[in-house]
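# Notes for the structure review
Residue-level listing of the chains:
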There are 4 protein chains.
Amino acid sequence: MNFASDNWAGAAEEVIAAVVAESRKVAPAYGRDPLSASVEAEFSRIFEREVAVFFVATGTAANGLSLAAVSRPAGLIFCHKAAHVISEEAGGPEFATGGAKLIGMPGRQAKITGAALAEVLKLYPAETVRHGQAAAVSISQTTELGGVYRPADISVIGAVARQAGIALHMDGARFANAVASRNASPAELTWRAGVDVMSFGGTKNGALAAEAVIFFDPAKAANMPFLRQRMGQLLSKNRLIAAQFAALFADGLWLRLASHANEMAGQLAAALEHVPGARLAFPAPANEVFAILPAERAANAIKAGAMFYEWHTDSLMPDEMPGKGEALYRLVTSFRTEAREIEEFIKLLR
Amino acid sequence: MNFASDNWAGAAEEVIAAVVAESRKVAPAYGRDPLSASVEAEFSRIFEREVAVFFVATGTAANGLSLAAVSRPAGLIFCHKAAHVISEEAGGPEFATGGAKLIGMPGRQAKITGAALAEVLKLYPAETVRHGQAAAVSISQTTELGGVYRPADISVIGAVARQAGIALHMDGARFANAVASRNASPAELTWRAGVDVMSFGGTKNGALAAEAVIFFDPAKAANMPFLRQRMGQLLSKNRLIAAQFAALFADGLWLRLASHANEMAGQLAAALEHVPGARLAFPAPANEVFAILPAERAANAIKAGAMFYEWHTDSLMPDEMPGKGEALYRLVTSFRTEAREIEEFIKLLR
Amino acid sequence: MNFASDNWAGAAEEVIAAVVAESRKVAPAYGRDPLSASVEAEFSRIFEREVAVFFVATGTAANGLSLAAVSRPAGLIFCHKAAHVISEEAGGPEFATGGAKLIGMPGRQAKITGAALAEVLKLYPAETVRHGQAAAVSISQTTELGGVYRPADISVIGAVARQAGIALHMDGARFANAVASRNASPAELTWRAGVDVMSFGGTKNGALAAEAVIFFDPAKAANMPFLRQRMGQLLSKNRLIAAQFAALFADGLWLRLASHANEMAGQLAAALEHVPGARLAFPAPANEVFAILPAERAANAIKAGAMFYEWHTDSLMPDEMPGKGEALYRLVTSFRTEAREIEEFIKLLR
Amino acid sequence: MNFASDNWAGAAEEVIAAVVAESRKVAPAYGRDPLSASVEAEFSRIFEREVAVFFVATGTAANGLSLAAVSRPAGLIFCHKAAHVISEEAGGPEFATGGAKLIGMPGRQAKITGAALAEVLKLYPAETVRHGQAAAVSISQTTELGGVYRPADISVIGAVARQAGIALHMDGARFANAVASRNASPAELTWRAGVDVMSFGGTKNGALAAEAVIFFDPAKAANMPFLRQRMGQLLSKNRLIAAQFAALFADGLWLRLASHANEMAGQLAAALEHVPGARLAFPAPANEVFAILPAERAANAIKAGAMFYEWHTDSLMPDEMPGKGEALYRLVTSFRTEAREIEEFIKLLR
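Keep in mind the model is a prediction, meaning the values are calculated, not measured.

Conventions we followed
- Residues numbered from 1 in each chain as written.
- Chains lettered and ligands numbered in written order.
- Predicted model: local features only at pLDDT ≥ 70, side-chain atom pairs only at ≥ 80, totals over all residues.
- Helix = DSSP H or I, 4+ residues; strand = E, 2+ residues; numbered from the N terminus.
- Buried ≥ 20, exposed ≤ 12 C-beta atoms within 10 Å, placed from the backbone.
- Contact = placed C-beta atoms within 7 Å.
- Nonpolar A, V, L, I, M, F, W, Y, C, P; charged D, E, K, R; others polar.
- Least-squares fit on C-alpha atoms with pLDDT ≥ 70 in both.
- Domains from an automatic or database assignment.
- Pairing = 2+ DSSP bridges.
- Right-handed = clockwise from strand over helix to strand, strands pointing away.
- Axes fitted to C-alpha atoms, helices over the stretch in contact; angles between N-to-C directions.
- Arc of directions from axis to C-beta.
- Parallel < 35°, antiparallel > 145°, perpendicular 65-115°, else oblique.
- Left-handed = near helix turned anticlockwise from the far one by under 90°.

## What about the overall build of chain A?
Per the secondary structure count, chain A includes 14 helices and 11 strands. Principal axes of the C-alpha set define a box for chain A whose edges measure 55 × 55 × 35 Å. Every one of the 350 residues in chain A was classed for burial, and the buried ones make up 62%.

Given below as structure tokens:
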């Protein structure tokens, strides 16, 4: 009964097999091997345009490097105040960018809107040097509270960003879950909506450790080989990351795994309706369910072996707040979650 | 016939098996799992004292983080001028430390001496602010030209460092090869000789991607969790790195793999004596053979499928220089190298 | 009629005279002259304990260097959300510290409280690496909205900081005005209340360009010579800054100048009561008056030659907000302000 | 008898007078005053093209900011190994650039040549990520060993830099002395020869503290307002720096002061020929004389009150080395040096 996190789940068998096969081969280091090249090309097919791809080992690295590539001196980076980049990376973006300031914005279910961004940008006019200079906006897809932006939502943000001359970054740690959730293509959810650079996550979707920074305009990636190497993110056996993505992309595995996780979350959300006193804090379109539960019931379930976290956030709207004797909990499903686990968990809660 | 690099060699079967097994498990992320803890403890046994251990994905990260942990504002870090940290990491240490200056020193076979360090330190007295402040010395074991420091060599460097109040860092990307080469324990080659912090390499020794920063005084590691996380080097599936080290340490596999590589290098070095016009630039106590070969013979061997690099370095002493029609080549053996490959290679050369 | 800023006011005659005299002398550069030493010693007398003193050219430099000296990797620095360090320095502290994150807190008249700090610190427990590590709290004396902390206010903040193991920094750009305003000594307002390091301002108090970083525990200043030099803040003619402070400290000039500015602000505040529709947004204990004025009257006064700014801040409490047709304005007095200017200004407003 | 440094010399009367006059005025802060604008325009006249000008307080800041403006991630900056930027600024450029690596080159009298630069650049081909990327070359005019580049020397360096796609920076801490020494205009010595950005020094030439960063293509200065402010180098009373340059540029004072210093150096160099055992290490075309003196004579002169430094450098060619009983000394003249001081000094030496 792991609902603690999708990154507790180990790796999918197809991914494991690909890593094993590749580990037995001898091939050039540092990405100068044929597999790395072919998987990079595969990303271009998936996104329906030529992209520049840089494999890295963690999502924090992907985010820090993405933002370093698009930031500016005294840069301001706008994001939701619950965004991973501002709250969970121990100052990774500040470090990677040489001191950018992240500006947290409010917004329901950890989403920002283009309209809100336009308002905030007014506070930082280009001529006011002492405030720093707007450099980028970062959105998470799916969001840290389980939400999924629609292409249209992103397009508005993208238009505001373009108008302001700043870059749009997407933290796609759970991008597969968003694609699987929305009736939209990877292209529609990214560059067609104005995304300039993204962190493409594999690790939470059944890989061992596979993340990639994607530039939708390869011309803007000129500094990235240097940024990546000096941050220690160019693996000598880079092809082992490539192998993981190769497995994920073969026959659409990445979307099948994500769809499964989403489906499990849907079942879990539906089942929670039958738990007395339980309610969803938000809709659960992807693989994270945020539920308000009677604290005692939750504590009992945890004691009985269910793994999940109480969730602390200052990003709830008044109508989303837990009441007395209640608390907010995060329940994450993964490619490995089984219907049986949900049933057991619900039994424990009831 | 891969003599290009040990990091072309894929991974050892035992390591692969450990990763496969661990990938099938569900366990807490970010190193809060039992395997990570037990492998950290295993490092303490190997070094015969309590150490603090931080797994990371690459050697460049391990070096940058080690040096960041011991550097100072306007820090000066002394190393051989051929050291990986100064010449091969795209400014990684400069970046990770926030702008330290690396001072390259000369020395035979990419080794520095304590006496030379003491001389250089005189140029940077503590009271001369404008020069910056001495912060650390970094040595590579084995060195970038295939040398191996003896414990006594390191002890002298360590004593000079301690006297000067600076830290001694060891880049141990090929530490296993050094241990296997010298009749000395890991402890003798590190903290007993004055090493404060080291980058412990697994990747070149049969792992997929497994490096660790080791602090011999755990009290000095207080900042490292933050340094590592903000640099994107705390893997969510940290236990997969732990698993690789677990496999390497089981039954002394790490030293068996390194001994094999060293032995192959020894055979290769011996065989080269029978190649007309070939000679060793240096002794080859570990798994790298630097040979001066007739350029035409080398070119022919490469054409015929042998994989190895001509080596460019400004660190040769006059008596080590290639003559006319000759060049310097690096030949690296690995856990996977077979005697057959050496025979074939020698045949090609002759 | 300059109420735009105290840093528009040029310099006091005594300060000018001291700079002229010193400019005509030949003496060692980089602070190795006798005057620099004697003025440093004077700071120790003023603060009634031995302090370490570092002259710099700007307040932004003083703040950045102070915070760099006390920050930590992935450091969190707490301050009011209207603090100069977070909103007016183009990311100076983020840059100087190598990527610290500044956490803005609310609070009336740009003051924070020890109680609020204690609450915020609970959100960043030491063991939660991903949030970064609490490193310092910074308060401004006087505050950016013209307030003045009492020694008792600071002591509570200092106690919370000490308890949490973080440093307390004071941005004293207008410290003289605070000392002149409160019946309290420099010592009571700083180290006796728990301040560890401060930016001591001279420029807004009649100097040409004279700021200093003061460490109340000189042992903690070991890195500062290096931090200052690499940031280009060690002036070769450092003694010219020393000369300015020497003039300010002679016969208590610094407090006389500040008292005059404060008195003028008091007169201005009192006079505003007679302007129809005008009211103070806050008390004005030092040399800044924040007034809510009918926008049309303010616009007319500006057209007629009065120099002052409408003030934009998101730090007003609901009861401090301007109403319809009104706006908030900042009116700053200086050592040079004359009663006549206030009378003229009030005439223009009426 | 000050031959220790030109920055010991205080300030010229005209400069003092200008600062006094400006200090008595009330005017906008942060460079939004009319004087700052007019002096910026004056720089354009002096350089015979539109330039972007940024006043700062120190040469180290000017250098750090210049290099930050033109560096790149993992940037390599080439300079003479005796250059101020690499040896005297406590890692200022490394810090300001976020970790660039400075590569020291040899060369007579602290000059590099275009040919040598072209050779060094070959070691850092663009495609070799692990070496970092070439970003800039920095030359000092005059050099740290008293040399002066001719326009033709600079043009060759400029052509090599342009060819390599890297910027050419000039550290002009003693630029006035170079202009006064060469029969060449400021334009010929800078942008016409390929200089992109320079640190223009006033402090060593009779100012109190006045330096400027000059961009010869204003379009490349877009980030500089932010770089300068976050480094604490935008003085609130910026107009006081402007006033110093205004005085220096009025009636060509800057070149008269520099010519005087050069002339004094010429007299000193000539007079040294009559001191037994003394000889010049290099020609002395500007205001620094590097002399090899019998150590005992030098020691006696110092005891008798002469102020000058023995000079330590590893940049001497074999034929420039002091012999037994000799040492190298630096003797610097300034706008304030009097012929009488030289006579007295020579007397002491003889």
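Back to the text.
## Focus on the interface of chain A and chain B
Across the boundary between the two partners, chain A contributes 40 residues, which contact 40 residues of chain B. Elements supplying a minimum of two residues to the side of chain A that touches chain B: helix 1 (13-23), helix 3 (59-70), helix 5 (92-96) and helix 10 (224-230) of chain A. Partitioning the side of chain A that touches chain B into residue classes produces 19 nonpolar, 15 polar and six charged.

## Some words on the interface of chain D and chain B
Listed per partner, the contact involves 16 residues of chain D and 15 residues of chain B. Among the residues forming the side of chain D that touches chain B, the class breakdown is five nonpolar, six polar and five charged.

## What to know about the relation of the copies chain A and chain B
In the superposition of chain A on chain B (RMSD 0.0 Å, axial shift 0.0 Å), the rotation amounts to 180°. The superposition of one copy onto the other is thereby described by a two-fold rotation axis.

## Section: the domain arrangement of chain A
Residues and elements named next belong to chain A. According to the domain assignment, chain A consists of domain 1 (11-252) and domain 2 (253-349). For domain 1 versus domain 2, the distance between C-alpha centres works out to 27 Å. Counting from both sides, the interface comprises 28 residues of domain 1 and, opposite them, 21 residues of domain 2. Taken together, the elements giving at least two residues each to the side of domain 1 that touches domain 2 come down to helix 8 (175-181) and helix 11 (239-249). Residue classes in the side of domain 1 that touches domain 2 are distributed as 14 nonpolar, nine polar and five charged.

## Looking at the pairing of strand 4 (residues 133-140) of chain B
Residues and elements named next belong to chain B. Burial analysis of strand 4 places eight of its eight residues in the buried class, the great majority of the element. Of the pairings in the sheet, the one linking strand 2 (residues 75-80) to strand 4 comprises five bridges and is parallel in character. If you follow Gly75 over to strand 4, its bridge partner there is Gln133. Pairing analysis gives five bridges linking strand 4 to strand 5 (residues 167-172), with the strands arranged parallel. Along strand 5, the bridge assignment pairs Ser138 with His169. Crossover handedness for the path strand 4 to helix 7 (residues 151-164) to strand 5: right-handed.

## Section: the relation of the copies chain D and chain B
Turning chain D through 180° and shifting it by 0.0 Å along the axis lays it on chain B, with an RMSD of 0.0 Å. Take the interface residues of chain D: 94% of them recur as interface residues in chain B, which is what a same-surface contact looks like.

## Overview of the sheet that holds strand 10 (residues 309-310) of chain C
Residues and elements named next belong to chain C. With antiparallel pairing, four strands are arranged side by side in an open sheet as 8-9-11-10. Of all the strands in the sheet, the pair left with one neighbour each is strand 8 (279-280) and strand 10. Note that strand 8 and strand 9 (residues 288-294) share two bridges and pair antiparallel. Note that in strand 9 the partner of Arg279 across the bridge is Ile292. The sheet strands contacting helix 11 (residues 253-272) are strand 8, strand 9 and strand 11 (326-332), and the helix crosses strand 9 at an angle near 20°.

## Points about helix 6 (residues 114-122) of chain C
Residue and element names in this part refer to chain C. Of all the positions in helix 6, only Gly114, Leu117 and Leu121 are classed as buried. One side of helix 6 holds all its buried residues, which, seen down the axis, span an arc of 55°. Turned more than 90 degrees away from the buried face of helix 6, the exposed residues are Ala115, Glu119 and Lys122. Check the buried side of helix 6 and you find it contacts strand 2 (75-80), strand 4 (133-140) and helix 7 (151-164).

## Details of the sheet that holds strand 1 (residues 52-56) of chain C
Residue and element names in this part refer to chain C. Strand order in the open sheet formed by seven strands is 1-7-6-5-4-2-3, and the pairing between neighbours is mixed. The outermost strands of the open sheet, each flanked by one partner alone, are strand 1 and strand 3 (101-105). Across the sheet, the mean angle from the axis of one strand to that of its neighbour is 20°, orientation sign disregarded. Bridge count for strand 1 against strand 7 (residues 211-215) is five bridges, and the pairing is antiparallel. Bridged to Val53 within strand 7 is Ile214. Each of strand 2, strand 3 and strand 4 is contacted by helix 6, which is oriented at about 130° to strand 3, the strand it contacts most.

## Describing helix 1 of chain A
Residues spaced three or four apart along an α-helix point in a common direction, a consequence of the helix completing one turn every 3.6 residues. Taken together, the buried positions of helix 1 of chain A are occupied by Val15, Ile16, Ala18, Val19, Glu22 and Ser23 of chain A. Buried positions in helix 1 of chain A, seen along its axis, are confined to an arc of 165° and lie on one side of it. Of the surrounding elements, those touching the buried residues of helix 1 of chain A are helix 2 (34-47) and helix 11 of chain A together with helix 1 (13-23) of chain B.

## Observations concerning unusual backbone geometry
A cis amide bond, omega 5°, links Gln141 of chain B with the succeeding residue Thr142 of chain B. For Thr142 of chain B, the location among the structural elements is in the loop between strand 4 and helix 7.

## A closer look at the environment of Leu348 of chain C
All names here are of chain C. For Leu348, the location among the structural elements is in helix 13 (residues 339-349). When the 18 C-beta atoms within 10 Å are taken as the criterion, Leu348 is described as partly exposed. Considered as a pair, Leu348 and Ala301 are 47 residues apart in the sequence and their alpha carbons are 5.3 Å apart. Not counting chain neighbours up to four residues away, the residues in contact with Leu348 comprise Asn300, Ala301, Ala304 and Ala306.

## Here's the deal with the packing of helix 2 of chain A against helix 11 of chain A
Residues and elements named next belong to chain A. At their nearest, the axes of helix 2 and helix 11 sit 9 Å apart, and the two run at 40° to each other. Taken together, helix 2 and helix 11 sit at an angle that is classed as oblique. The element helix 2 and its partner helix 11 pack so that their crossing is left-handed. Seen from helix 2, the contacting residues are Leu35, Ser36, Val39, Glu42 and Ile46; seen from helix 11, they are Arg239, Ala242, Ala243, Phe245, Ala246 and Phe249. For the contact of helix 2 with helix 11, the per-class residue count stands at eight nonpolar, one polar and two charged.

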